[in-house]
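Coordinate analysis (summary)
Here are the chains, one letter per residue:
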Amino acid sequence: MMESKSPVCNTCGEEIGVKPNGEFFVACHECSFPICKACLEYEFKEGRRICLRCGNPYDENVLDDVEIKTSKHQSTIATHISNTPQDSGIHARHVSTVSTIDSELNDEYGNPIWKNRVDSWKDKKSKKNKKKHAKATKAEDPDAQVPPQQHMEDISLNPEAASATDVLSVVIPIPRTKITSYRIVIIMRLTILALFFHYRITHPVDSAYGLWLTSVICEIWFAFSWVLDQFPKWSPINRETYIDRLSARFEREGEQSQLAAVDFFVSTVDPLKEPPLITANTVLSILALDYPVDKVSCYVSDDGAAMLSFESLVETADFARKWVPFCKKYSIEPRAPEFYFSLKIDYLRDKVQPSFVKERRAMKRDYEEFKIRMNALVAKAQKTPEEGWTMQDGTSWPGNNTRDHPGMIQVFLGYSGARDVEGNELPRLVYVSREKRPGYQHHKKAGAENALVRVSAVLTNAPFILNLDCDHYVNNSKAVREAMCFLMDPVVGQDVCYVQFPQRFDGIDKSDRYANRNIVFFDVNMRGLDGIQGPVYVGTGCVFRRQALYGYSPPSKPKMLPQSSSSSCCCCPSKKKQTQDPSEIYKDAKREELDAVIFNLGDLDNYDEYERSMLISQTSFEKTFGLSAVFIESTLMENGGVPDSVNPSTLIKEAIHVISCGYEEKTEWGKEIGWIYGSITEDILTGFKMHCRGWRSIYCMPLRPAFKGSAPINLSDRLHQVLRWALGSVEIFLSRHCPLWYGCSGGRLKWLQRMAYINTIVYPFTSLPLVAYCTLPAICLLTGKFIIPTLSNLASMLFLGLFISIILTSVLELRWSGVSIEDLWRNEQFWVIGGVSAHLFAVFQGFLKMLAGLDTNFTVTSKTAEDLEFGELYIVKWTTLLIPPTSLLIINLVGVVAGFSDALNKGYEAWGPLFGKIFFAFWVVLHLYPFLKGLMGRQNRTPTIVILWSILLASVFSLVWVRINPFVSKTDTTALSQNCLLIDC
């Protein structure tokens, strides 16, 4: 490999030089701030002994020409410099043990053969001076050690200091006046809840004991759910990025850009359900990013092996040659043509070039022609020929059998492909369809994402990965730069595994009837998690650090043995002692010393083939990453890039090999590395595993939304989407990765973060008490009984205080988050709607799948949409999910009518008790009102089967209840008959 140039001093612009031992001069071992020895001496003379970037004090012996030694209780940080542009300078790297039980690097006593081989390799490398490396140490004073998160928080408190140190991002805490009152109200509400439950439990209702007991159990569960949801929002924060500083640091005029490369992943399965035009817009918005073209590669996964997807990508690549230069020339936003041309705004605003109008009209005409060609492809694909699809050269399409076909890869554009109409290079575009054979588990989307991880590692190996759903386009062309402000920050970014952007959506009705925007989750819950250990991964719009996907731990964390399925949990403590004896400490130190030897296999060209083959074919790497020497070599290159030792002509063949259906067998793919298998919501599992290893994530909310997608606005489709999410949570709850116990022994996951993950898996079970609680009002109205006894003054104050605390909590939450009260109410309504329908079905389906292996599918039959704006909103589709909430509505409405009738018959005295019951019933009806509107449609058209089933269930339930009447005390019929005999008619 070619040697890299010496880093340049940030003060004088000269090279920082090397020490007598051949290593680069490093002044600050915390952030590797580039400053030469002469400038450092001047700083010392002036009395300035603090690093200009991170604010940590310099080591007193930093000017001595002696080799710096590391502490035996701390892992060595080895650095390497490659010939790629983004790798110039000194980059500290600390790779932890890959989380796999079979890894030799995790062996308690280490591997002496492996260690001796690496030590000999290090000696050869040092003698030949083929590569410079630097070792860094932390100060011995423990009080001087400040974690990266604290660095960022301290810097954020002083904007002038932030400017002076040239940081790329700062934390903006919520104003103390807002957050303090918010926390006080939370504690007050918790206290009132404790007093409320003390009263409820000590004052049973003897005349309706069953109703009372059911209500108390439900209320306790609701309180538990509230605690799980509320306390992770204890420390919400905001963040601010400085893109101009990022450009100034990594994009100097006259020099090649040093920004890190990014591999984009776009996943699609069925082009007939996921329109190719939408996928094409997503791809075009990626190719037109405001980012160096040689740093962007877009991988499109076609998991359905559809020829329509391939042909549409060919058309997309051709249109990109015109679209990309047009976007960059006029800096248009968004850079997805379908959404740009549909904007109802003044498109001439801020445009000064006279040629813009003419070129825009020509581009719009070209795009319309492009749409016609795409529509023709879709129309052609509606009917599959009996002999299968045939390509233009006459050969049969390899993916005619979607369940039995070879892997396919096609590279478009890029430095070796077609250029744009102005002759400039375009980002690389790669079509990928992994191999599928009968008898193999393919793991749906998670398996497709892992295949893309391996293909991209072989072909481009960018250090960062951004994954998008096919219907989520790039709305902000600077979105990647926003993420790089965190990931490339030398202080903040070293422990960041991913940067998550909020999801924003187009095409949703203004009232957001079914809470499709999820504003409360993305603007409240996620900002609260950002103040703990970071937001959860939500499946799209996320920039990953590739090394975190490979199962490595963050640099600042000590080594951690992987947790297997048989590891102990918090409720079953291990028999081993919690404290380590001196021998264990020595073993840990030896293991850390071994793990610290980080090397680049591509740098071993000067050694004999025996040493190279032994290093590549280590059993630990093969059992972890699979049988691909090229891929294993790429995993050891933290800063990315394709190794020089790899023959470019063999890369495609190697890429085909890593997407073969048997490649993941007997490896850690889907278990400890990559996207994690075991749930249809693989996003939650993947992020959870990273946080358990000690990584933190970042929540980035730029003013202009980074990405936008589409969401189902139809009631049935929305419920099925929620059903899928809830079922995934139930699967995680029943798996070995359950946050209740997984990772407790490691201590890497903060307790508030664990509480948030527990909330993500137990919320479907709230459906059981919610259905019971929504049924209670109708029962009380039909029987004349109530779940609460006659209230005393103290009890009235408790109930009033509870309602006031609930209102205050919501108001103060709206105050610091900026969420509207309408969004909060819509979220509350759909929590009830989803809870009594989709979540309920998810619980039963999850247990059926686990106990009986039954995978129940809920089919949806659609009617024709009206040709109006938001016409999909008014479509009524039959699904079994509609029955429970419809039945609850009818039962409560019947109960209200019965309650009023009973009060009219009994007179004035009955109206007082009736008020509480009616209020209770109207609480249910108001929460289900959006469901009722969706059920009726625009013209009150409701499927007959829904009405029949609901009326049947409500009638049967009411008749059975009247017959049994379990909560009404029995009347003494003998005494009654005797009294009747005494009446003189």
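Residues numbered from 1 in each chain as written. Predicted model: local features only at pLDDT ≥ 70, side-chain atom pairs only at ≥ 80, totals over all residues. Heavy atoms only, no water.

Some details on the nonpolar core
Counting 131 residues, the largest nonpolar core has Val455, Phe544 and Phe631 as its most contacted members. Ranked by the residues each element gives to this core, the list is headed by helix 5 (residues 176-202), at nine residues. Beyond its immediate chain neighbours, meaning those up to four positions away, Val455 contacts Tyr299, Ile409, Val432, Ala655, Val658 and Ile659. Of all hydrophobic cores here, the second largest spans 73 residues; its members include Val283, Tyr330, Val480 and Ala706. (Core = buried A, V, L, I, M, F, W, Y, C linked by side-chain atoms within 4.5 Å. Buried < 20%, exposed > 50% of the residue type's maximum accessible area, 1.4 Å probe, protein only. Helix = DSSP H or I, 4+ residues; strand = E, 2+ residues; numbered from the N terminus. Contact = heavy atoms within 4.5 Å.)

Description of the sheet that holds strand 6 (residues 296-302)
Overall, mixed pairing links the eight strands, which are arranged 7-8-6-5-9-13-11-14 in an open sheet. The open sheet has two edge strands with one neighbour each: strand 7 (408-413) and strand 14 (696-699). Pairs of neighbouring strands in the sheet enclose a mean axial angle of 20°, with direction left out of account. (Pairing = 2+ DSSP bridges. Axes fitted to C-alpha atoms, helices over the stretch in contact; angles between N-to-C directions.)

Focus: a nonpolar patch on the surface
Taken together, the side chains of Met188, Leu800, Ile804 and Leu808 define a hydrophobic patch exposed on the protein surface, amounting to about 330 Å² of accessible area. Among the elements that take part in the nonpolar patch, helix 25 (residues 793-817) stands out by supplying three residues, more than any other. By the element assignment, Leu800 lies in helix 25. On the basis of relative accessibility, which here comes to 53%, the residue Leu800 falls in the exposed class. (Patch = residues over 30% accessible without salt bridge, like charges linked within 9 Å, V, L, I, M, F, W, Y side chains within 5 Å. Areas by Shrake-Rupley, 256 points an atom, 1.4 Å probe, with all protein chains shown as cover. Salt bridge = Lys/Arg side-chain N within 4 Å of Asp/Glu carboxyl O.)

Some thoughts on the UniProt feature "transmembrane region" (unreviewed entry) in the protein chain
According to UniProt, the feature "transmembrane region" (unreviewed entry) maps to residues 761-782, 794-812, 832-854, 875-898, 910-932 and 944-964 in the numbering used here. Summarising residues 761-782: 82% helix, 0% strand, and an end-to-end C-alpha distance of 36 Å. Measuring from the first to the last C-alpha atom of residues 794-812 gives 26 Å, for a span that is 100% helix and 0% strand. (UniProt positions renumbered as here; feature names shortened; annotations may be inferred.)

Side note on the packing of aromatic side chains
Evaluated as defined, the whole model comprises 43 aromatic pairs. Ring centres of Phe196 and Phe197 lie 5.4 Å apart, and the angle between their planes is 65°; this geometry places the pair in the edge-to-face category. For Phe196, a relative accessible area of 5% translates into the label buried. Residue Phe197 is classed as buried on the basis of its relative accessible area of 13%. Between the aromatic rings of Phe319 and Tyr367, the centroid separation amounts to 5.8 Å while the plane-to-plane angle is 50°, which identifies the pairing as tilted. Here Phe319 is found in helix 9 (residues 307-330), whereas its partner Tyr367 is found in helix 11 (residues 356-380), with 48 residues between them in sequence. Grouping aromatic residues by their ring pairs yields a cluster made of Phe319, Trp323, Phe326, Tyr330, Tyr340, Phe341, Phe356, Tyr367 and Phe370. Across the ring face of Tyr242, the terminal group of Arg245 is positioned such that the distance to the ring centre comes to 3.9 Å. Taking NZ or CZ as reference, Arg718 lies 4.5 Å from the ring centre of Phe830, over its face. (Phe/Tyr/Trp six-rings, centres within 6.5 Å; stacked < 30°, edge-to-face > 60°. Lys NZ or Arg CZ within 6 Å of the ring centre and 35° of its normal.)

Side note on the packing of helix 6 (residues 209-230) against helix 23 (residues 751-762)
Packed helices, taken two at a time, are described by the angle their axes make and the gap between the axes. Relative to each other, helix 6 and helix 23 sit at 135°, their axes nearing to 8 Å. Overall, the two elements helix 6 and helix 23 adopt an arrangement that is oblique. As for the relative orientation of helix 6 and helix 23, their crossing is left-handed in sense. In this structure, helix 6 uses Trp221, Ser225, Val227, Leu228 and Asp229 to contact helix 23, whose residues at the interface are Met755, Ile758, Asn759 and Val762. (Parallel < 35°, antiparallel > 145°, perpendicular 65-115°, else oblique. Left-handed = near helix turned anticlockwise from the far one by under 90°.)

Some remarks on the sheet that holds strand 10 (residues 473-474)
Sheet strands associate in pairs through backbone hydrogen bonding, adopting either a parallel or an antiparallel arrangement. Pairing is mixed across the open sheet formed by three strands, whose spatial order is 10-15-12. What marks the edges here is a single partner per strand, and that holds for strand 10 and strand 12 (504-506).

Points about the pattern of salt bridges
Applying the stated criterion to the full structure yields 26 salt bridges. With its nearest N and O atoms 2.4 Å apart, the salt bridge here joins Asp290 to Lys478. Of this pair, Asp290 sits in the loop between helix 8 (276-287) and strand 6 while Lys478 is found in the loop between strand 10 and helix 13 (479-487), placing the two residues 188 residues apart along the sequence. Overall, Asp290 belongs to the partly exposed group, its relative accessible area being 23%. Under the relative-accessibility criterion, Lys478 is labelled partly exposed at 35%. Through salt bridges that share partners, Glu251, Asp290, Lys478 and Arg481 make up one connected network.

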